[in-house]
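Chain by chain, the residues:
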Amino acid sequence: MIRTCLFDMGNVLVFFSHDRMCEQLGRLCDRSSEDIRRLLIDSGVQWNYERGRLSPKQFHEWFKSSTEREVSFDDLVRAASDIFWLNEPIVPVLDQLKSRGLRLVLLSNTCITHFEWVRDHYDVLQRFDACVTSCGAGAIKPEPAIYEAALLEIGCEPNECFYTDDIPKYVAAGRQHGLLAEVFTDVPSLLGHLGQHGVTIP
């Protein structure tokens, strides 16, 4: 019997655009979005930020130094984080799951500024009983440490926990940890997967 549902955030609860992030950051420092992508994403800096190896203040200093531009902290946060929009059809599904007494836990690769932006701008993370983030765990999916952190939060056995994520290799890693994991594509397929595991939502 399913007791807990474990949800990814990006492209599951909310959609996001790295292209938009690179464009907005580029406008702050007169760089092309391609330059920002190479500087931030291709270099691995974004993934270090999501591992929690950089604080928001350190990320700010890195950005100013790397672009040789004086950019305010608030402007940087807004340009880097105003890249999300809510997956509205999933919200009533979360409410149905909560009404049935299921525990909801987040499992997300995210930096602290992205997590806080979604928390503060959308009424979705407030529905969760616990949030396991890569920046908090010091590891990103599919590394074992972040799944081990999630197992400490689910409050049940792994085979009593349904996990959904839009990245197949992250789902595969979840299965290796004993979770009932399925790839997320859209809400109708999510409802189908939940039904296959005994959780029927009209």
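Going by the structure above, here's the rest.
Residues numbered from 1 in each chain as written. Predicted model: local features only at pLDDT ≥ 70, side-chain atom pairs only at ≥ 80, totals over all residues. Heavy atoms only, no water.

Help me understand the overall build of the protein, please; the structure alone is not making it clear to me.
Looking only at helices and strands, one finds 11 helices and 7 strands in the protein. For 202 residues, the compact-globule formula gives about 17 Å, and the C-alpha radius of gyration of the protein, at 18 Å, lands near that figure. Counting only C-alpha atoms and orienting by the principal axes, one finds that the protein spans roughly 55 × 30 × 25 Å. When burial is assessed residue by residue, the protein has 50% of its 202 residues classed as buried. (Helix = DSSP H or I, 4+ residues; strand = E, 2+ residues; numbered from the N terminus. Rg over C-alpha atoms; globule rule 2.2 N^0.38 Å. Buried < 20%, exposed > 50% of the residue type's maximum accessible area, 1.4 Å probe, protein only.)

Explain empty space enclosed by the protein to me, please; I cannot follow it from the model alone.
Leftover empty space is mapped by rolling, across the atoms, a probe with the size of a water molecule. Tallied over the entire structure, the rule returns 1 cavity of 30 Å³ or more. For the largest cavity, the calculated volume is near 70 Å³. Counting only elements with at least two residues in the lining of the largest cavity, the list comes to helix 3 (45-50), helix 4 (56-67), helix 5 (73-81) and helix 7 (112-121). Broken down by element, the lining of the largest cavity gets its largest block of residues, 4 residues, from helix 5. Taken together, the residues of the lining of the largest cavity break down into 8 nonpolar, 4 polar and no charged. (1 Å grid on protein atoms, 1.4 Å probe; cavity = no way out; pocket = protein on both sides within 12 Å on 5 of 7 lines; lining within 4 Å. Points joined across faces, edges and corners; volume = space filled by probe spheres on them. Nonpolar A, V, L, I, M, F, W, Y, C, P; charged D, E, K, R; others polar.)

Where do I start with the sheet that holds strand 6 (residues 161-165) in this structure?
Strand pairing in a sheet relies on backbone hydrogen bonds, with the paired strands running either antiparallel or parallel. The 5 strands are arranged 5-4-1-6-7 in an open sheet whose pairing can be described as parallel. Two strands lie at the open edges of the sheet, namely strand 5 (130-133) and strand 7 (180-183), each paired on one side alone. With direction set aside, neighbouring strand axes in the sheet form an average angle of 20 degrees. In the sheet, strand 1 (residues 4-7) pairs with strand 6 via 4 bridges, with the strands oriented parallel. Its bridge partner being in strand 6, Cys 5 is matched across the sheet by Phe 162. Most of the contacts of helix 11 (residues 187-196) go to strand 6, to which it runs at about 155 degrees, and overall it touches strand 1, strand 6 and strand 7. (Pairing = 2+ DSSP bridges. Axes fitted to C-alpha atoms, helices over the stretch in contact; angles between N-to-C directions. Contact = heavy atoms within 4.5 Å.)

For this particular structure, what's the right way to read the packing of aromatic side chains?
The relation between two aromatic rings is expressed through the spacing of the ring centres and the mutual angle of the planes. Applying the stated criterion to the full structure yields 7 aromatic pairs. Geometrically, the ring pair formed by Phe 15 and Trp 85 is tilted, given 6.0 Å between the ring centres and 40 degrees between the ring planes. Linking Phe 15 in strand 2 (residues 14-16) with Trp 85 in strand 3 (residues 84-86), this pair joins segments that are 70 residues apart in sequence. With relative accessibility at 26%, the residue Phe 15 sits in the partly exposed group. One aromatic cluster is present, formed by Tyr 49, Phe 59, Trp 62 and Phe 63 through successive ring pairs. (Phe/Tyr/Trp six-rings, centres within 6.5 Å; stacked < 30°, edge-to-face > 60°.)

Any chance you could explain the layout of surface pockets here in plain terms?
By volume, the largest pocket amounts to about 390 Å³. Around the largest pocket, the lining is made up of 20 residues, and of these Phe 16, His 18, Trp 47, Glu 50 and Asn 109 lie nearest the centre. Partitioning the lining of the largest pocket into residue classes produces 8 nonpolar, 7 polar and 5 charged.

I'm lost on the environment of Lys 98 in this one. Help?
By the secondary structure assignment, Lys 98 is in helix 6 (residues 90-99). Taking relative accessible area as the criterion, Lys 98 reaches 32% and is therefore assigned partly exposed. The spatial distance from the C-alpha of Lys 98 to the C-alpha of Ile 154 is 14 Å, given a sequence separation of 56 residues. Other than its neighbours up to four places away in sequence, Lys 98 contacts Leu 104, Arg 127 and Asp 129.

Whenever I open this one, the nonpolar core confuses me. Can you help?
Considering soluble globular proteins, one finds that nonpolar side chains tend to be buried as a cluster. Counting residues in hydrophobic clusters, the biggest one holds 47 residues, and the most contacted among them are Cys 5, Phe 7, Leu 13, Leu 25, Leu 40, Leu 97 and Leu 194. With residues near it in sequence (within four places) discarded, Cys 5 still touches Leu 97, Leu 102, Arg 103, Leu 104, Val 105, Phe 162 and Leu 194. Grouped together as the second largest cluster of nonpolar side chains are 18 residues, Ala 130, Ile 146, Tyr 163 and Val 171 included. (Core = buried A, V, L, I, M, F, W, Y, C linked by side-chain atoms within 4.5 Å.)

Would you take a moment to explain the pattern of salt bridges for this structure?
Two side chains of opposite charge can pair, provided their charged atoms sit close to one another. With the rule as written, the count across this model stands at 17 salt bridges. Residue Arg 20 pairs with Asp 82 through a salt bridge whose shortest N-O separation is 3.6 Å. In this pair, Arg 20 is assigned in helix 1 (residues 18-29) and Asp 82 in the loop between helix 5 and strand 3, connecting sequence segments 62 residues apart. Residue classification places Arg 20 among the partly exposed residues on the basis of a relative accessible area of 32%. Its relative accessible area of 25% is what places Asp 82 among the partly exposed residues. (Salt bridge = Lys/Arg side-chain N within 4 Å of Asp/Glu carboxyl O.)

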